[in-house]
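Working through the structure, step by step
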Amino acid sequence: MGVPLDLLSERAATMRDSLQKSQSITDNMVSILGSFDHRLSALETAMRPTQIRTHSIRSAHENIDKTLKAAEVILSQFDLTRQAEAKILKGPHEDLESYLVAIEQLRDNIQFFSSNKSLKSSDGLLSHANSLLNKAISKLEEEFKQLLSSYCKPVEPDRLFEGLPSSMRPSSESPGDHPHANGKNPLSNGHHREHHNVNGEDAVYTPPTLIPPRILPLLHDLAQQMFQAGHQQQLLKIYRDTRSSVLEESLRKLGVEKLSKDDVQKMPWEVLEAKIGNWIHFMRIAVKLLFAGERKVCDQIFEGFDSLKDQGFAEVTAGSVAVLLSFGDAIAKSKRSPEKLFVLLDMYEIMREIHSEIETLFRGKACNEIRESALGLTKHLAQTAQETFSDFEEAVEKDATKTAVADGTVHPLTSYVINYVKFLFDYQSTLKQLFQEFETGDGSNSQLAAVTMQIMQALQTNLDGKSKQYKEPALSNLFLMNNIHYMVRSVRRSEAKDLLGDDWVQRHRRIVQQHANQYKRIAWAKILQCLSIQGLTSSGGSGVSADGGNSSGASRAIVKDRLKTFNIQFEELHQRQCQWTVPDTELRDSLRLAVAEILLPAYRSFLKRFGTLIETGKNPQKYIRYTPEDLDHMLNEFFEGKTLNEPKR
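Described below are features of the structure shown in this document. As the structure is a prediction and not an experimental result, all values here were calculated from the model. The residue numbering used here restarts from 1 in each chain and proceeds along that chain's sequence as written. Reporting of local features is limited, given that this is a predicted model, to residues whose pLDDT is at least 70; pairs of side-chain atoms are given and counted only at 80 or more, and all residues count toward the totals for whole chains, interfaces and linings. Hydrogens and water are ignored here; the side-chain numbers use all heavy atoms of the structure.

**Some points on helix α16 (residues 473–492)**
Residues lying three or four places apart along an α-helix face the same way, a consequence of the helix completing one turn every 3.6 residues. Elements are defined by DSSP. Helices are runs of H or I of four residues or more, strands are runs of E of two residues or more, and each kind is numbered from the N terminus. Expected span of a helix: the number of residues minus one, times 1.5 Å. Between the first and last C-alpha of α16 there are 28 Å, a value that for 20 residues agrees with the 28 Å anticipated at 1.5 Å per step. Each residue is assigned to one of three classes by its accessible area relative to the maximum for its type, calculated with a 1.4 Å probe on protein chains only: buried under 20%, partly exposed between the two thresholds, exposed over 50%. Along α16, 17 of the 20 residues are buried, which leaves the element largely enclosed by surrounding structure.

Below is the structure:
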């Protein structure tokens, strides 16, 4: 059944009233909201100044906080500066570590104030801090100098010797004694050059500890602060002045002298030779021990600032190096003489030996001059040695010694030259280096062989000239026989044999034999004529002749005369040739035997054939004074260099 219409109308009316009320409310709300929006706008306008003041207050608070924090940092820097100042004013001696920390803190503070120059007081603070830092560094300089000086003592020679290889340490010698320094002429007989295994693997050198290891880090820290403060020159000056004098004093204690060219020139050779031997030893000790120890000290003190390492080392060692090299230069520039060749080679050898150490120790641009000076001396010694070598060959050939050896023995020049040549072979490797320095060849043994042959030929040429000084040709030949035999024997017993070769030896042995034969022919030809049958016999007759001859037709008078002449001549030969000398035993016996082999058979034959003529006459002993055995015995007295009484006639 449907809803009554009246009820529907009533409901519609109700809804309409509701809608109208709702619209009215909405209009009222819009009106109210509009009014509220207007009020909010007015309120916002009224509130804006308050908001601005609040923001300003908040910003101010934030700035105050920042300022307080900055002030706190500044105050802490002030506090740190005061603390650093207090430590610095106390000085570094009592607590060096704290002192160094204070300097670092002061540097940090200076950096801080330098970067905050807006502070009104920053200029004053910076000035005060920098002044304080300069005072601190000055005190550090004094501390560095005092600490370095306290531990810088000259090194005693014994301590240096301890660093040498055991084979090179002196035993009971005084400081400076050295195997080379014995005052002997290296060319005199019996002298042998003493080589040390200086280049071998076993040659270990131990540099001395110049400054205690515990002190070096402190010195390094002090040096570092001075370096950072820009006081490099002051640092170098202190180091140089302190250490250089210590090094020089160490060398003086060792025996190093400062000698000029004039000093060297005035010295007797024996004294100079000893000093050269010592100098060789000093160079080895200085470079391998003293300078090596100094380099270690220098590198540790200046660790971290390489620009000062080489500079410091160069400045400290320059004086000592100059003294050592100046002696070598004085020798190289002094008047050349043959006996100086071997000491020049010794000096050249030591400079070659220490070359690598010099290059290593004296590295860097700052040490250029020292390295060049050492290399210059090496080259100068090589040049002087080579010139001396050339002088020697010329001097041998032109030696004008007028005094002949009266007994025909080996001339001093011969033994001198042969010893000279023998010594050359002790220096083969050195001479090879020398040849390579100046020759275009390969520096091989062929060059040494050529030079040796030239010297030998120069000697022979000179000996030929000296042999002509003898009035007796027999003695002249004996002289040449002796001297060339000495040359051959010496070569055969030395390394020269391998260099000169068997051909040279055999050729000169033949020359010796030729002179021996010449001696026999000249010395004994006349006396052998006395024993010749020529002029004693005739072709006819037998039995005893009226003038006392025999079946051979020989005249007793002529035989007597022959024997008388033989006796006189033999006694003269004996008297004279007993004073002549053949120093080599084997050669002397050989020569006596050669004479006996021609004389005795001839004498025996003469006596056998003609002796009866004398024996059957009056006073036979007057004519037959000697038996063959007597002659043989007397021949064994020849060439002994003896002075005999005149024989009885």
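**Some words on the nonpolar core**
A general trend in soluble globular proteins is that nonpolar side chains are found buried together. The set of buried Ala, Val, Leu, Ile, Met, Phe, Trp, Tyr and Cys residues whose side-chain atoms join them within 4.5 Å is what this entry labels a nonpolar core. Counting residues in each nonpolar core, the largest one holds 168 residues, and the members touching the most others are Y519 and W524. In terms of residue count, the dominant contributor to this core is helix α8 (residues 269–301) (17 residues). Those residues in contact with Y519 that lie beyond four places of it in its chain are A474, N477, L478, W524, Q577, W580, L591, V595, F638 and F639. Only heavy atoms enter the contact rule, under which two residues are in contact if any of them lie within 4.5 Å.

**Here we look at the packing of aromatic side chains**
Only rings of Phe, Tyr and Trp enter the pairing, Trp through its six-membered ring, and a pair is recorded when the two centres are within 6.5 Å. The plane angle decides the type: under 30 degrees is stacked, over 60 is edge-to-face, the rest tilted. Tallied over the full model, the rule gives 22 aromatic pairs. When the centroid spacing of 4.7 Å and the interplanar angle of 15° are considered together, the rings of F227 and F305 count as stacked. Linking F227 in helix α5 (residues 216–228) with F305 in the loop between α8 and α9 (306–333), this pair joins segments that are 78 residues apart in sequence. Exposure remark for F305: the relative accessible area of 5% places this residue in the buried category. Members of the aromatic cluster, each reached through a chain of ring pairs, are Y519, W524, F566, F570, Y603, Y626, F638 and F639.

**Examining unusual backbone geometry**
In this model, F639 sits at a positive phi of 65°, which is unusual for a non-glycine residue. Mapped onto the elements of the fold, F639 is located in the segment after α20 (628–635). Taking relative accessible area as the criterion, F639 reaches 1% and is therefore assigned buried.

**Let's talk about the packing of helix α13 (residues 412–426) against α16**
Angles run from 0 to 180 degrees between N-to-C directions of axes, and those axes are lines fitted to C-alpha atoms, restricted for helices to the stretch in contact. The geometry of α13 relative to α16 is characterised by a closest axis approach of 10 Å and an angle of 15° between their N-to-C directions. By the angle between their directions, the pair α13 and α16 is classed as roughly parallel. α16 is crossed by α13, and the crossing has right-handed handedness. Along its contact with α13, which presents T414, S415, I418 and K422, the element α16 presents N483, Y486, M487 and S490. Tallied by class, residues from the contact of α13 with α16 come to three nonpolar, four polar and one charged. Angles below 35 degrees are treated as roughly parallel, those above 145 as roughly antiparallel, those between 65 and 115 as roughly perpendicular, and all remaining angles as oblique. Note on convention: the crossing is left-handed when the near helix lies turned anticlockwise from the far helix by less than a right angle, right-handed when the turn is clockwise. Note on residue categories: nonpolar means Ala, Val, Leu, Ile, Met, Phe, Trp, Tyr, Cys or Pro, charged means Asp, Glu, Lys or Arg, and polar means any other residue, Gly included.

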